[in-house]
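This is what each chain is made of:
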Amino acid sequence: MQDDPRTLVSTEWLATHLKDPDLRILDASWYLPNANRDARAEYDAAHIPGARFFDIDDISDHRSDLPHMVPPVEKFMSRLRAMGVGDGHQVVIYDGAGLMSAARVWWLFRLMGQNNVAVLDGGLPKWQSEGRPLEDLPPVVRDRHMTVRVQNGLVRDVTQVSQASKLGDHAIIDARSAARFRGEAPEPREGLRGGHIPGAKNVPFDSLLNEDGTMKTPEECRAIFEAAGVDLDKPAITTCGSGVTAAILSLALERMGKADHSLYDGSWAEWGAFPTLPIATGDA
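Residues numbered from 1 in each chain as written. Predicted model: local features only at pLDDT ≥ 70, side-chain atom pairs only at ≥ 80, totals over all residues. Heavy atoms only, no water.

**Focus on the sheet that holds strand E10 (residues 261–264)**
Reasoning step 1: Within the open sheet, the five strands sit side by side as E6-E10-E9-E7-E8. Their pairing is parallel. Each edge of the open sheet carries a strand with a single partner, namely strand E6 (155–156) and strand E8 (201–202). (Pairing = 2+ DSSP bridges. Helix = DSSP H or I, 4+ residues; strand = E, 2+ residues; numbered from the N terminus.)

Set out below in structure tokens:
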């Protein structure tokens, strides 16, 4: 793969830059409750040297009933400052699944106007499989100011997505599994209807990944989007269960050179809970 410090970097790239003074590494591991994994405990036991733990559920908007929604700007800035992450840093984000929740934090940084941020391709599993160093020590943290300039074009709310669905002027792309998209498999969160946003196309996030958890090439990803019927000439809106794996689609689109993409933050956790919002089932 081609290393790009604004989207995706290899384990080899990170190993080469591991001791750069302005490098900041974040462990953004997050798992669904049925995974029975404790992301924080796993970080405490072993992480890439110098990594800080980014808690997706904590650094979110607790005023919302929806899971891990975008945090208020002030909260994002204060939490990152406390982690010693700020202006002038190159940020690399990884997770313990390979490439899953790290993309959400990459997107969140981009939303906050931070561009020098990349996901570690293959994540912690690939790093470990190559015998690279781990530690259990907390990093030495020094405050660093962060300047935030929110890029509102990168996020969409339920009203905007509803309008896009009715008008058909956006490519709405759902990252959930095919069975959940079709409404044939139950949602992991109770109380949600099955199905998808009318007009959406289905690109399961794992279809964009290789067996080792690394992302497929931009050319391969483009072919997968096109095979799913996604009109890449339209602005894209990515969505999933709760706004986490949708960011993998956003990362792939960015790698493909498609800049006009946004993420539906509420995703199916919001859409599926509102009985007045229309749903579609099956492949269409």
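**Points about the pattern of salt bridges**
Reasoning step 1: Counted by the stated rule, this structure contains 16 salt bridges.
Reasoning step 2: Of the charged contacts, one joins Asp143 and Arg81 as a salt bridge, the two residues approaching to 3.7 Å between their closest N and O atoms. Of this pair, Asp143 sits in the loop between helix H5 (123–129) and E6 while Arg81 sits in helix H3 (residues 73–82); the two residues are 62 residues apart in sequence, bridging distant segments of the chain.
Reasoning step 3: According to the relative accessible area criterion, Asp143 is exposed, its value standing at 55%.
Reasoning step 4: Arg104 serves as the salt-bridge partner of Asp265, at 2.9 Å between the closest nitrogen and oxygen. Residue Asp265 is located in the loop between E10 and helix H10 (267–271), and its partner Arg104 is located in helix H4 (residues 102–111); the two are separated by 161 residues in the primary sequence.
Reasoning step 5: Through salt bridges that share partners, Asp174, Arg176, Arg180 and Glu187 make up one connected network. (Salt bridge = Lys/Arg side-chain N within 4 Å of Asp/Glu carboxyl O. Buried < 20%, exposed > 50% of the residue type's maximum accessible area, 1.4 Å probe, protein only.)

**Description of the packing of helix H8 (residues 218–227) against helix H9 (residues 246–255)**
Reasoning step 1: The geometry of H8 relative to H9 is characterised by a closest axis approach of 9 Å and an angle of 120 degrees between their N-to-C directions. The angle between H8 and H9 places the two elements in the oblique class. Seen along the crossing, H8 lies across H9 with a hand that is left-handed. In this structure, H8 uses Pro218, Cys221 and Phe225 to contact H9, whose residues at the interface are Leu249, Ala252, Leu253 and Arg255.
Reasoning step 2: Among the residues making up the contact of H8 with H9, the classes are represented as six nonpolar, no polar and one charged. (Axes fitted to C-alpha atoms, helices over the stretch in contact; angles between N-to-C directions. Parallel < 35°, antiparallel > 145°, perpendicular 65-115°, else oblique. Left-handed = near helix turned anticlockwise from the far one by under 90°. Contact = heavy atoms within 4.5 Å. Nonpolar A, V, L, I, M, F, W, Y, C, P; charged D, E, K, R; others polar.)

**Section: the sheet that holds strand E1 (residues 8–9)**
Reasoning step 1: The strand order across the open sheet formed by five strands is E1-E5-E4-E2-E3, and the pairing between neighbours is parallel. Every interior strand has two partners, whereas the edge strands, E1 and strand E3 (52–53), have only one.
Reasoning step 2: Here strand E4 (residues 90–94) pairs with strand E5 (residues 117–120) via three bridges, running parallel. Directly across from Val91, in E5, lies its bridge partner Val117.
Reasoning step 3: Across the sheet, H4 lies against strand E2 (23–27), E4 and E5, angled at about 175 degrees from E5, the strand it touches most.

**Section: the environment of Met256**
Reasoning step 1: Mapped onto the elements of the fold, Met256 is located in the loop between H9 and E10.
Reasoning step 2: As a C-alpha pair, Met256 and Asp58 span 198 residues in sequence and 31 Å in three-dimensional space.
Reasoning step 3: Among residues more than four places away in sequence, those in contact with Met256 are Pro218, Cys221, Arg222, Phe225 and Leu232.

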